[in-house]
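The lines below spell out each chain.
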Amino acid sequence: MALNTNKNLKLYYSIKEVAAMLGVNESLLRYWEKEFPHLKPKTVSSTNVRQYQEKDIEQIKQIYNLVKVRGFKLAAARKYLNENRSGADRSNEVLETLLSLREQLKDLKRQMDTTIV
């Protein structure tokens, strides 16, 4: 097994960090944990502190995409995720790609604007 030299890679993220990543409140993440049974971050039993892994964050991004971006009601999002796991995963990948592309286009536009001036 190769040593991972990426110092930015973390195994666990706090609820505060995950909320900041998505621009939502911590209370919304706690609420979604109740509404979506498959979303279960690790908790430290003595302190009850949530520890989110990358897989948890990916699930939250899928929920965010369905509820906040596409406008699904919670029951519909829950049903969609249960019935169409692979489709939801693929939909999330497409969204991530589009968001990345959008940022690249913005950077390109900024570079062009500075070159023209």
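Residues numbered from 1 in each chain as written. Predicted model: local features only at pLDDT ≥ 70, side-chain atom pairs only at ≥ 80, totals over all residues. Heavy atoms only, no water.

**Examining the overall build of the chain**
Regarding its fold elements, the chain presents five helices and two strands. The secondary structure elements of the chain, listed N-terminal to C-terminal, are α-α-β-β-α-α-α. A buried classification covers 26% of the 117 residues belonging to the chain. Once local pairs closer than 6 in sequence are excluded, the contacts in the chain between residues at least 24 apart make up 52%. Accessible area for the chain stands at about 8500 Å²; split by element, carbon and sulfur atoms hold 55% of it. (Helix = DSSP H or I, 4+ residues; strand = E, 2+ residues; numbered from the N terminus. Buried < 20%, exposed > 50% of the residue type's maximum accessible area, 1.4 Å probe, protein only. Contact = heavy atoms within 4.5 Å. Areas by Shrake-Rupley, 256 points an atom, 1.4 Å probe, with all protein chains shown as cover.)

**A look at helix α3 (residues 54–69)**
For an α-helix, the turn length of 3.6 residues means that residues three or four places apart are oriented alike. Those residues of α3 that fall on the buried side of the exposure criterion are D56, I57, Q59, I60, Q62, I63, N65, L66 and V67. Backbone geometry just after α3 places G71 at a positive phi near 80°.

**Regarding the packing of aromatic side chains**
Per the stated rule, a full pass over the model turns up one aromatic pair. Between F72 and Y80, the aromatic rings sit 5.6 Å apart at their centres with planes inclined by 75°, giving edge-to-face as the arrangement. The ring of Y80 has R70 lying over it, and the distance from NZ or CZ to the ring centre is 5.6 Å. Here the guanidinium or amino end of R78 rests over the ring plane of F36, the centre of that ring lying 6.0 Å away. (Phe/Tyr/Trp six-rings, centres within 6.5 Å; stacked < 30°, edge-to-face > 60°. Lys NZ or Arg CZ within 6 Å of the ring centre and 35° of its normal.)

**Brief notes about the nonpolar core**
In terms of nonpolar packing, the biggest core is built from 21 residues, with V18, L29, W32, F36, Y52, I60 and I63 touching the most fellow members. Sorting the residues of this core by element identifies α1 (15–22), α2 (26–35), α3 and α4 (74–83) as the ones contributing at least two each. Looking at which element gives the most residues to this core, the answer is α3, with five residues. In this view, I60 contacts V18, L22, L29, W32, L39 and Y52; residues no more than four positions away in its chain are not counted. (Core = buried A, V, L, I, M, F, W, Y, C linked by side-chain atoms within 4.5 Å.)

**A short note on the packing of α2 against α3**
The geometry of α2 relative to α3 is characterised by a closest axis approach of 12 Å and an angle of 95° between their N-to-C directions. By the angle between their directions, the pair α2 and α3 is classed as roughly perpendicular. Here L28, L29 and W32 of α2 lie close against α3, whose contacting residues are I60, I63, Y64, V67 and K68. (Axes fitted to C-alpha atoms, helices over the stretch in contact; angles between N-to-C directions. Parallel < 35°, antiparallel > 145°, perpendicular 65-115°, else oblique.)

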